[in-house]
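# Summary of the model geometry
Spelled out from the first residue to the last, the chains are:
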Amino acid sequence: MADFLQTLIIAITLGSLYALIALGYTMVYGVLKLINFAHSDVVVLGAWLSMTVAVFLLPRIGVTGATWWAGGLVLILAMLLCGAIGFAIERLAYKPIRGAPRLNALITAIGVSLFLQNFGQLQFTLIPNERVVASGALQERGQDPRTIRLAETVSIESEQKYAVRLFKNSAPEGATPQTRNIVAAAGTYEAGRDIAIDGGVGRADTRDARYEIVRIAAGAPLKLPFGAMPAGMPVLFNDRPVWEHVFVSETEHGRLEKPVRITLLDLTIVGTAVALLVGLQILVFNTRVGTAMRAVSYNMETAALMGIPVDRIVSMTFVLGAALAAAAGFLFAVKYTQIQQPAHATWVLLGLKAFVAAVVGGIGNIRGATLGGFLIAFIEQFGAYAGLQVGWANASAYTDVFVFVLLIVVLLVKPTGIFGTTVREKV
Amino acid sequence: MLLNVTNLDVSYGAVKALHGLSLEVDEGEIVTLIGCNGAGKSTTLRAVSGMLRPRGGSIAFEGQNVTGIASHKLVERGLSHVPEGRGIFANLTVAENLALGAYARKDRQSLADDHERALVLFPRVKERLKQLAGTLSGGEQQMLAIARALLARPKLLLLDEPSLGLAPQLVQLIFSIIREINKQGTTILLVEQNAHMALAVANRAYVLQSGEIIKSGPAKQLLDDPDVKRAYLGA
């Protein structure tokens, strides 16, 4: 019961975030029939920009600590900044090729994505938090290229915490060294012995070079546009538990107590996400501008004949999608404070799964994307839960697999998605 | 002169659709363009309403040059276009479709009156306001398209093949409505395959062939023209 509830809480939280991101994909597809691959990169920028705002702006205007409006302010600023980015993306990258074949737009989208990823990587990075524990000249390669000979004694606690950096002596100051992981077992290695590393050292690499073994500590500081900062998102929301229950069960090993708690932070995340989801539904289905958006998505040419300024509606769609992406990025960073670099697989997967949510729900369909987001989260979380229940110990490593299996099944059974209608080709 | 089209050239890629087409529409008239498939009738309307950018020539509306102006801005100026195939938003309700017709309008007050007036002309549309527009029959969709265009309060209404695919009875009804709309003060430029009906309802007519105007004159006169009779009236 405890595990079930815990899974449910995570599924709802993640689902609301997937839904927020999926909406951006689906709205842009709706109006332009374009898969905006750059969308997931806007999520990343949203997370990192909100962190930048939280660290550098809030203290300057005298806001400290976890007051609800500190978080609210960061959220709004991140949404505005990313909205502007979304606007710029559409105007600079997509508008000039509006009339071109769809494939051109698709390639452009991939280009924009790569640009944002690399731009983000330059602006926002984790500064490796490492300490040199051993160093020396690299010996001429011996029998096994997958080892290096140690010049001084080093003790390894866990291979995951260490890395080997290889420096060319002739390389300029500050040049990026080659990095290898240590694969030797934990223990003390004396000078003169070989230590196994991942990938090995080529013959060319060993000439006139030295090595350093560094210990990498958790909690890397971050480099942001205005300077460096300690690791992770600062605390913006109160994390006090609002509901707590300890489940007690009798097992063969004795009494087992499992506490389940819902924190104020969980409620804040889900509450914010759901408020935005509902807000968007109202905007799209109950306002003049929303009606115009749906008209543009149905037929751009005829929409213009109604007096609808199509370009402005398309821009607005991008701005809305990007703002929602920013909100999702922010909420994600608030929940998982150990933020990853812009090009990290965590972000790629987050964006990809949200895209799957949009496709599963029926791309172009707003309600579909919302439902798809929750569906994806439930499949991945409860897939792992069910696996564990039947004794599959490794099930939680397969969450991504469940999601993509669902995608394959949906594409086979109902390629247009749950809410999708048959594609209407314009003549 | 409400609409003045001079020496209009339009091409689709390398294919010339209109060459040197000129026509004019005076206030209060019903003017019709007749001709075969591919003669350039729809192209003319699409160029006038800003959906196509002409290669050459000029379009003046109310004496002002509007060549190359975007469609949505022309609607504000009083030029509405009911496109071929009706251009109904099937994913929206009938009421939402009507609301979009008035999208560019700022005078909320008189809009309500126009709404009433438009729906008096089309009682069948009024019965179905909450329905999805895609569920309407072809005739009802055509009526919705015209009602929607009227809500923009156009000075000039462009109608592209309003009778296309409709039962003869409905064609009669649509044409009587067109006459009524004109009587209430809206100028109409009508494109039709059904030359008989078009000439019967119009004041003046132009005959298009291969992107050029080959004949023009009062509609009554063209009804009796032997060439027109042979080519377009099937007599």
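Residues numbered from 1 in each chain as written. Chains lettered and ligands numbered in written order. Predicted model: local features only at pLDDT ≥ 70, side-chain atom pairs only at ≥ 80, totals over all residues. Heavy atoms only, no water.

## Some thoughts on helix α3 (residues 94-101) of chain B
In terms of burial, α3 of chain B is a largely internal element, six of the eight residues being buried. Among the residues making up α3 of chain B, those that are buried are V94, E96, N97, L98, L100 and G101 of chain B. Among the structural elements, α6 (264-286) and α7 (288-298) of chain A together with α4 (108-121), α5 (123-126) and α6 (138-150) of chain B are those in contact with the buried residues of α3 of chain B. (Buried < 20%, exposed > 50% of the residue type's maximum accessible area, 1.4 Å probe, protein only. Helix = DSSP H or I, 4+ residues; strand = E, 2+ residues; numbered from the N terminus. Contact = heavy atoms within 4.5 Å.)

## Observations concerning the sheet that holds strand β8 (residues 187-192) of chain B
Residue and element names in this part refer to chain B. Read across the open sheet, the six strands follow the order β6-β7-β8-β3-β9-β10; overall the sheet is mixed. Sheet topology places β6 (79-82) and β10 (212-218) at the edges, where each strand pairs with a single neighbour. Ignoring which end each strand starts from, the neighbouring axes of this sheet average 15° apart. Where β6 and strand β7 (residues 156-160) come together, four bridges link them in parallel fashion. Its bridge partner lying in β7, V82 is registered against L159. Running over the sheet, helix α1 (residues 41-48) touches β3 (30-35), β6, β7, β8 and β9 (204-209) and is turned about 145° from β7. Docked against the sheet, helix α7 (residues 168-183) engages β3, β7 and β8, running at close to 155° with respect to β8. (Pairing = 2+ DSSP bridges. Axes fitted to C-alpha atoms, helices over the stretch in contact; angles between N-to-C directions.)

## So, the nonpolar core
In terms of nonpolar packing, the biggest core is built from 105 residues, with Y94, L236, I308, F330 and W347 of chain A together with L100 of chain B touching the most fellow members. Not counting residues within four places of it along the chain, the set of residues in contact with F330 of chain A comprises G46, A47, S50, G71, V74, L75, M233, L236 and F237 of chain A. (Core = buried A, V, L, I, M, F, W, Y, C linked by side-chain atoms within 4.5 Å.)

## Quick word on the domain arrangement of chain A
Taken as a whole, chain A is organised into domain 1 (2-124 + 231-265 + 313-413) and domain 2 (129-220). Here the C-alpha centroids of domain 1 of chain A and domain 2 of chain A sit 37 Å apart. (Domains from an automatic or database assignment.)

## A few points about the packing of aromatic side chains
In the structure shown here, the tally under the stated rule is 16 aromatic pairs over all chains. Ring centres 5.3 Å apart and planes at 55° place the aromatic pair Y25 of chain A and F355 of chain A in the tilted group. Placement of Y25 of chain A in helix α1 (residues 2-32) and of F355 of chain A in helix α10 (residues 345-361) is noted, with a sequence separation of 330 residues between them. Like F355 of chain A, Y25 of chain A is buried. Pairwise contacts between aromatic rings join F4, F378, F382 and Y385 of chain A into one cluster. Against the face of Y103 of chain B rests R288 of chain A, its NZ or CZ located 4.2 Å from the ring centre. We note R367 of chain A situated over the ring of F285 of chain A; from NZ or CZ to the ring centre the distance is 3.9 Å. (Phe/Tyr/Trp six-rings, centres within 6.5 Å; stacked < 30°, edge-to-face > 60°. Lys NZ or Arg CZ within 6 Å of the ring centre and 35° of its normal.)

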